[in-house]
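Below, each chain spelled out in residue letters.
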Amino acid sequence: MSYTNDGGAHKALIEEVLKAYPDKSRKRRQKHLGVAAVDGESPEANADEALGHTECDVKSNIKSLPGVMTVRGCAYAGSKGVVWGPVKDMVHISHGPVGCGQYSWSQRRNYYIGTTGVDTFVTMQFTTDFQEKDIVFGGDKKLEKVIDEINELFPLAKGITIQSECPIGLIGDDIEAVAKKKNKESGKTIVPVRCEGFRGVSQSLGHHIANDSIRDWVFDKRPVEFESTPYDVNVIGDYNIGGDAWASRILLEEMGLRVVGNWSGDATLTEIERAPKGKLNLIHCYRSMNYICRHMEEKYGMPWLEYNFFGPSQIAAGLRKIAERFDDKIKEGAERVIAKYQPLVDAVIARFRPRLEGKSVMLYVGGLRPRHVVTAYEDLGMVIAGTGYEFGHNDDYQRTGHYVKEGTLIYDDVTAYELDKFIEAIRPNLVGSGIKEKYPVQKLGIPFRQMHSWDYSGPYHGYDGFAIFARDMDMAINNPVWGLFKPPWKRGEVGAAE
Amino acid sequence: MPQSAENVLDHAPLFRQPEYVEMLAKKGREENMPPREKTKEVADWTKSWEYREKNFARDSLSVNPAKACQPLGAVFVAAGFDKTLSFVHGSQGCVAYYRSHLSRHFKEPSSIVSSSMTEDAAVFGGLNNMIDGLQNAYSLYKPNMIAVSTTCMAEVIGDDLHAFITTSKQKGSVPEAFDVPFAHTPAFVGSHTTGYDNMLKGILDHFWSKAERTPSDSINLIPGFDGFAVGNNRELKRMLDVMGVKYTLLSDVSDQFDTPSDGEFRMFSGGTTIEATKDALNAKATLSLQEYCTPKTLGAIAERGQETANFHYPMGVAGTDELLMKISELTGKAIPAELELERGRLIDALADSQAWLHGKTYAIYGDPDFVYGMARFILETGGEPRHCLATNGNAAWEQQMQALFASSEHGNLCKAWGGRDLWHMRSLLATEKVDLLIGNSYGKYLERDVGTPLIRLAFPIFDRHHHHRFPTWGYQGGLRVLVTLLDKIFDKIDVDTIIPAVTDYSYDITR
């Protein structure tokens, strides 16, 4: 789709919004806000002709300012909440005080099949529930006892991860020693994760630390029984939110591939362990799992490939790109799958595009979505006015340039104040962000969808998910409630919206 | 093709389509999960008496606890003051969690800032974060008051809020006269109810410490941490207005967590004003509607010469009677006919429905005062609150509960479990079955595992909408609780009798 945004107006808006900050903070925030510009020079810019070529040059992955209401979370959220939490046949201990595990309990909708509390444990909250004495005298003894109690009460758990909360790193506990000792005693995989919330500047370091803990405490630790085929792939960075990974897997298997591991939605420890035996890593959420892909490439010579399963144009491109790595059988399979689903795609677009054509969207999410969903909206005729990442790095913004059009407002680690002002000024037809943003936006009379949890819907991945995505965006925008905000007796006022 | 454009299937039906069933079965064979028979065997074992004994023998592991940490209570109570912004000193991820948690329950915005401390602050302390953070928060959000609490990170490294705030003011972060009350709220002590107590005491100390008390005839009421605060605080105020009493609610979140949709986003709405908070020192008495949310606060208030009294979540007949009588006694205002009429209507409803309630057995969990108030009401209906559990309940609470049970012939088989979690509750429900479970959204996992129908009356409620907008306190609230219990009982009977030609002889039209 070809369109541009009014970059000049967006630049002026940034200047206006920044005025509210004290000098020092204004200077720092300024670097995180920008407008996508035409980029003729970067060699990467023309790498994919199908996509846009703009430059999104904002500062990222540095500390949030205190007191501004950042939306960001912490390293624990990145490890327990994102990477490790969905691994279903392991118990993940929230190690420290009760809160972290409590607030993140069952909140990411990582769907899985299993008997919870017996052979799977994703939607449970296991915690060492630190008390003052554990802070004063250290928590290693308690952790040992907790691991023993887990092994006794949950005998089918395949392993345990120790997800460190803030105090652990501050009081000098040696969770690695505990993990080694308990591994020796029980023979079970025990993974200490140093994802204390104060580490790094956002969830992002937690992803990295969690990836490293897989490298250091899971790979090559136990014998892996595995019969390989030439078509074995791992799906990396799909957390099966609302069933996303299932809606993706069905396509990969239909084209003839064999998915031997899905990281980490609906995953078992075995899937993690055998991953290096696969032929290719397919990575969806680059931000949270590129580290382990790079490691597998270095150590096991296993290549990896980024793909995007949001919206039919990217799905088709992705299936073909993946098939390129395999033989004709798989290439034919990809074409067969694309052709099979084309009638569904056509019908979805025929039904929903006329209702969504030209509607503008502002996004503010994490991981891969601030860029990956752009084309899914465009498949429905919608346009992106602004986008940004909670915890993106420079390489995310580079990749974003391949997706967004000139003049798009770009905001990194946006504060509640900035986002509110941007949305009020631009008044897009839809905002896609998180639970903390949902209600403030809706109060303004602007439709909203949570784009972390799919607003309790989903899947949004794959062709089956695209139908749900299109239906959900239509529901959000075209619901009658938005017309009821103003009482009839006030509709005659000057400037009143109809 | 499982999906279609005309009839878009959501996740639940989508993944039951044959293509997905087959795919998931294939995946299942490759996952290296335990054989189905093994899972079944262990699942059955987890519901045995043997397992229950092992489960109750654990002393370190906590599984599915029903409590949160101190700062959640701190930000909740601060939200009940006019244009007050909570500032939580420590790691920023915690604040993202409190905001999400409150928004998911109330379906409302929750605005809180963090001082965003990271590794360098862990080494050098978070003073600079406080200085910059207060200035940013004050400049951007223009609150009337900033209430500072702490995450466990700041507590472990020992940051001194009083000194930090004083220094920040000296550095010009906020004007010298700007109100910045504070409280240390370590997550490793107590629970969210403790944080409520500490922050409220911090706010009162801030305004009262240098003030002289001139006794008046007004009274203060402290609602406590309550997921139903929107409905309950309004009902409480209505009853007080009907009585013609002069009062101040110390922390009233009912407007903050219930703003309208009219095109404007109100970051702040309603709440106790600074003036009212200052005046509250002069009140004749302060009543805490939840004893376990206010032990320190009430102690401090008593030291300032006020009369104090504790209640336990005033639900049901006697719970409401007791509160109204105390208010009447303190203020000299008679309980008006209007409220007496409401009382009569609640009793009338109870009498009409007593046959369906008498002898029903319950498990109840939640905060200590909620569990007490709920159990008390259940006893009034002729029901038996067999398993009463509060993860943040202590030995004193257990004793109070046992005394309550002893006061009724329906309490003989009832027991209170302080300090236990929902995995303990699972064992209780599996080994000693009850008819109904009362708790929060997390109780649905118990309903799934042991089949006990869940009634959602405690915080947090994420998977049902808007219940908190209606009161559960007072006689009117009692009516609502009664209807909620009855609906669940009748729905259950209908489900159990709906099979044609098998059970539908009892599928009665009149009950």
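For every chain, the first residue of its written sequence is number 1, and the numbers climb from 1 along that sequence. Both sets of labels track the order of writing: A upward for chains, 1 upward for ligands. Owing to the predicted nature of the model, reporting of local features is limited to residues with pLDDT of at least 70; listing and counting of side-chain atom pairs is limited to 80 or more, with chain, interface and lining totals taken over all residues. To get the side-chain values, all heavy atoms of the structure are used, and hydrogens and water are removed first.

Trainee: Just checking my understanding: could you explain the overall build of chain A for this structure?
Mentor: Looking only at helices and strands, chain A has 20 helices and 16 strands in total. C-alpha atoms define the radius of gyration in this analysis, and the globule rule sets the expected value at 2.2 Å times the number of residues to the power 0.38. For 498 residues, the compact-globule estimate of 2.2 N^0.38 gives 23 Å, and chain A sits close to it at 23 Å. A principal-axis box enclosing the C-alpha atoms of chain A has dimensions of 75 × 60 × 45 Å. Burial classification: accessible surface area is computed with a 1.4 Å probe over protein chains only, and a residue below 20% of its type maximum counts as buried, one above 50% as exposed, and the rest as partly exposed. Across the 498 residues of chain A, 68% fall into the buried class. Here a residue-residue contact requires only that any non-hydrogen atoms of the pair lie within 4.5 Å. In chain A, once contacts between residues fewer than 6 apart in sequence are set aside, the share between residues at least 24 apart is 73%. Here chain A displays about 16400 Å² of accessible surface, and carbon together with sulfur accounts for 51% of that area. When the 63 basic and 68 acidic side-chain charges of chain A are each reduced to a single mean position, those positions are 3 Å apart. Here a helix means four or more residues in a row that DSSP labels H or I, a strand means two or more in a row labelled E, and each is numbered from the N terminus. Surface exposure here means Shrake-Rupley accessible area, sampled with a 1.4 Å probe, where a residue is shielded only by the protein chains that are shown. Under the counting rule used here, the positive set is Lys and Arg, the negative set is Asp and Glu, and His together with the chain ends is not counted. Lys charges are placed at NZ, Arg charges at CZ, Asp charges at CG and Glu charges at CD.

Trainee: What exactly am I supposed to notice about the packing of helix H19 (residues 435–443) of chain A against helix H6 (residues 92–106) of chain B here?
Mentor: Between two packed helices, what matters for the description is the angle formed by their axes and the separation of those axes. For helices, the axis comes from a line fit to the C-alpha atoms of the stretch in contact; other axes are also lines fit to C-alpha atoms, and the angle between any two N-to-C directions lies between 0 and 180 degrees. Put simply, H19(A) and H6(B) touch, their axes get as near as 8 Å, and they point 55° apart. Taken together, the axis directions place H19(A) and H6(B) in an arrangement best described as oblique. When you trace H19(A) past H6(B), the crossing you get is left-handed. Side by side, H19(A) and H6(B) meet where A:Ile435, A:Lys436 and A:Tyr439 of the first sit next to B:Ala96, B:Arg99, B:Ser100, B:Ser103 and B:Arg104 of the second. Angles are sorted into four bins: roughly parallel if under 35 degrees, roughly antiparallel if over 145, roughly perpendicular if 65 to 115, and oblique for all others. A clockwise turn of the near helix away from the far one marks a right-handed crossing, whereas an anticlockwise turn of less than a right angle marks a left-handed crossing.

Trainee: Is there a simple way to think about the interface of chain B and chain A in this case?
Mentor: Where interface size is quoted, it is often the accessible area lost as the parts come together. Across the boundary between the two partners, chain B contributes 103 residues, which contact 113 residues of chain A. Of the roughly 9200 Å² buried where chain B meets chain A, counting both sides, 61% is carbon and sulfur surface. The quantity reported as buried area is the accessible area (1.4 Å probe) lost by two parts once they are put together, taken as the sum for both. Area buried by chain B at its contact with chain A is led by B:Tyr97, B:Leu140 and B:Phe188, which between them contribute 8% of it. By convention in these notes, a salt bridge is any Lys or Arg side-chain nitrogen within 4 Å of a carboxyl oxygen on Asp or Glu. Across the pair A:Lys145 and B:Asp59 runs a salt bridge, and its minimum N-O distance is 2.7 Å. In protein, a polar contact means a hydrogen-donor-capable atom and an acceptor-capable atom, both N or O and within 3.5 Å, with residues adjacent in sequence counting only if both atoms are side-chain atoms; elsewhere, any N or O pair within 3.5 Å suffices. Summed over the shared surface of chain B and chain A, the result is 50 residue pairs in polar contact (both at pLDDT 80 or more). With ten residues, the single largest contributor to the side of chain B that touches chain A is H6(B). Among the residues making up the side of chain B that touches chain A, the classes are represented as 51 nonpolar, 28 polar and 24 charged. In this structure, strand E5 (residues 126–127) of chain A lies alongside strand E1 (residues 62–63) of chain B, joined through two bridges in antiparallel fashion. Pairing of A:Thr127 across the sheet is with B:Ser62, part of E1(B). Under the grouping applied here, Gly and all other residues not named as nonpolar or charged are polar, the nonpolar ones being Ala, Val, Leu, Ile, Met, Phe, Trp, Tyr, Cys and Pro and the charged ones Asp, Glu, Lys and Arg. Two strands qualify as a pair provided DSSP detects at least 2 bridges between them.

Trainee: Sorry, what's going on with the environment of B:Ser269 here?
Mentor: Inspection of the secondary structure puts B:Ser269 in the loop between strand E6 (247–249) and helix H13 (274–279). Setting aside chain neighbours within four positions, we find B:Ser269 in contact with B:Asp255, B:Gln256 and B:Thr259.

Trainee: Hey, could you run me through the pattern of salt bridges in this one?
Mentor: Opposite charge on two side chains permits pairing when their charged atoms draw close. Applying the stated criterion to the full structure yields 73 salt bridges over all chains. Two residues, A:Arg194 and A:Glu176, come together in a salt bridge whose shortest N-O distance is 2.9 Å. In this pair, A:Arg194 is assigned in the loop between strand E7 (189–193) and helix H9 (203–217) and A:Glu176 in helix H8 (residues 175–186), connecting sequence segments 18 residues apart. Between A:Arg287 and A:Asp396 there is a salt bridge, and its shortest N-O distance comes to 2.7 Å. With A:Arg287 in helix H12 (residues 286–300) and A:Asp396 in helix H17 (residues 394–400), this pair connects stretches of sequence that are 109 residues apart. What makes A:Arg287 buried here is its relative accessible area of 2%. Through salt bridges that share partners, A:Lys88, A:Asp266, A:Glu271, B:Lys27 and B:Glu31 make up one connected network.

Trainee: What is the right way to read helix H14 (residues 295–303) of chain B from this model?
Mentor: Residues and elements named next belong to chain B. For H14, the set of buried residues is Thr-297, Leu-298, Ala-300 and Ile-301. What you see down the axis of H14 is that its buried residues fit within an arc of 160°, all on one side. The exposed set on the far side of H14, more than 90 degrees from its buried face, consists of Pro-295 and Glu-303. On its buried face, H14 sits against helix H11 (192–208), strand E5 (219–222), strand E7 (285–288) and strand E8 (307–310). Looking one or two places after H14, you find Gly-305, whose phi comes out positive at around 95°. To be clear, the arc concerns the directions from the helix axis to the C-beta atoms.

Trainee: What's the story with the pairing of E7(A) in this structure? I'm lost.
Mentor: On a regular strand, one side chain projects to one face of the sheet and the next to the other, so that they alternate. Residues and elements named next belong to chain A. Most of E7 is tucked away: five of the five residues are buried. Residues Thr-189, Val-191 and Val-193 of E7 are buried on one face, and the alternating residues Ile-190 and Pro-192, pointing to the opposite face, are buried as well. The sheet contact formed by strand E6 (residues 159–164) and E7 spans five bridges and is parallel. Bridge pairing links Gly-159 to Thr-189 in E7.

Trainee: Would you mind going over the sheet that holds strand E12 (residues 436–439) of chain B with me for this structure?
Mentor: Strand pairing within a sheet occurs via backbone hydrogen bonds; the two strands may be parallel or antiparallel. Residues and elements named next belong to chain B. One open sheet holds the five strands; their spatial order is E11-E10-E9-E12-E13, and the pairing between them is parallel. The strands lining the two open edges of the sheet, one partner per strand, are strand E11 (415–418) and strand E13 (454–456). Strand-to-strand twist of the sheet, defined as the mean angle between neighbouring strand axes without regard to direction, takes the value 20°. Bridging between strand E10 (residues 384–390) and E11 involves four bridges; their strand directions are parallel. Each residue of the ladder has a partner; that of Ala-390, found in E11, is Gly-418.

Trainee: Quick question: what am I supposed to make of the packing of aromatic side chains here?
Mentor: Each aromatic ring pair is described using two quantities: the centre-to-centre distance and the angle formed by the ring planes. Stacked, tilted and edge-to-face pairs are distinguished by plane angle, under 30 degrees for stacked and over 60 for edge-to-face with tilted covering the rest, among Phe, Tyr and Trp rings (Trp via its six-membered ring) whose centres lie within 6.5 Å. Overall, the coordinates contain 40 aromatic pairs over all chains when judged by the stated rule. Residues B:Phe15 and B:Tyr20 carry aromatic rings whose centres are separated by 4.9 Å and whose planes lie at 85° to one another, so their mutual orientation is edge-to-face. Through successive ring pairs, a cluster of aromatic residues spans A:Phe310, A:Tyr377, A:Trp454, A:Tyr460, A:Phe466 and A:Phe469. Only Lys NZ and Arg CZ are tested; either one counts as a charge over a ring when it is within 6 Å of the ring centre and within 35 degrees of the ring normal. Between A:Arg399 and the ring centre of A:Tyr286, over which it is positioned, the NZ or CZ distance is 3.9 Å. A cation over an aromatic ring shows up here: B:Arg52 above the ring of B:Phe56, its NZ or CZ 5.7 Å from the ring centre.

Trainee: Help me understand the environment of B:Ser100 in this model?
Mentor: Assignment of secondary structure puts B:Ser100 in helix H6. Counting along the chain gives eleven residues from B:Ser100 to B:Ser111, while the straight-line C-alpha distance between them is 9.9 Å. Those residues in contact with B:Ser100, other than ones at most four positions away along the chain, are A:Ile435 and A:Lys436. A distance of 2.7 Å separates a polar atom in the side chain of B:Ser100 from the backbone oxygen of B:Ala96.

Trainee: How should I be thinking about unusual backbone geometry in this particular structure?
Mentor: With glycine set apart, most residues show a phi of negative sign, and most peptide bonds adopt trans. Cis geometry marks the peptide bond from A:Trp263 to A:Ser264, where omega comes out at -10°. Note that A:Ser264 resides in strand E9 (residues 258–264). One non-glycine residue with positive phi stands out, namely A:Asp129, at about 45°. Along the chain, A:Asp129 falls in the loop between E5 and helix H5 (132–137). A relative accessible area of 13% means that A:Asp129 is categorised as buried. The phi dihedral of B:His466 falls on the positive side, at around 70°, and the residue is not glycine. Take B:His466: it is sitting in the loop between E13 and helix H21 (474–496).

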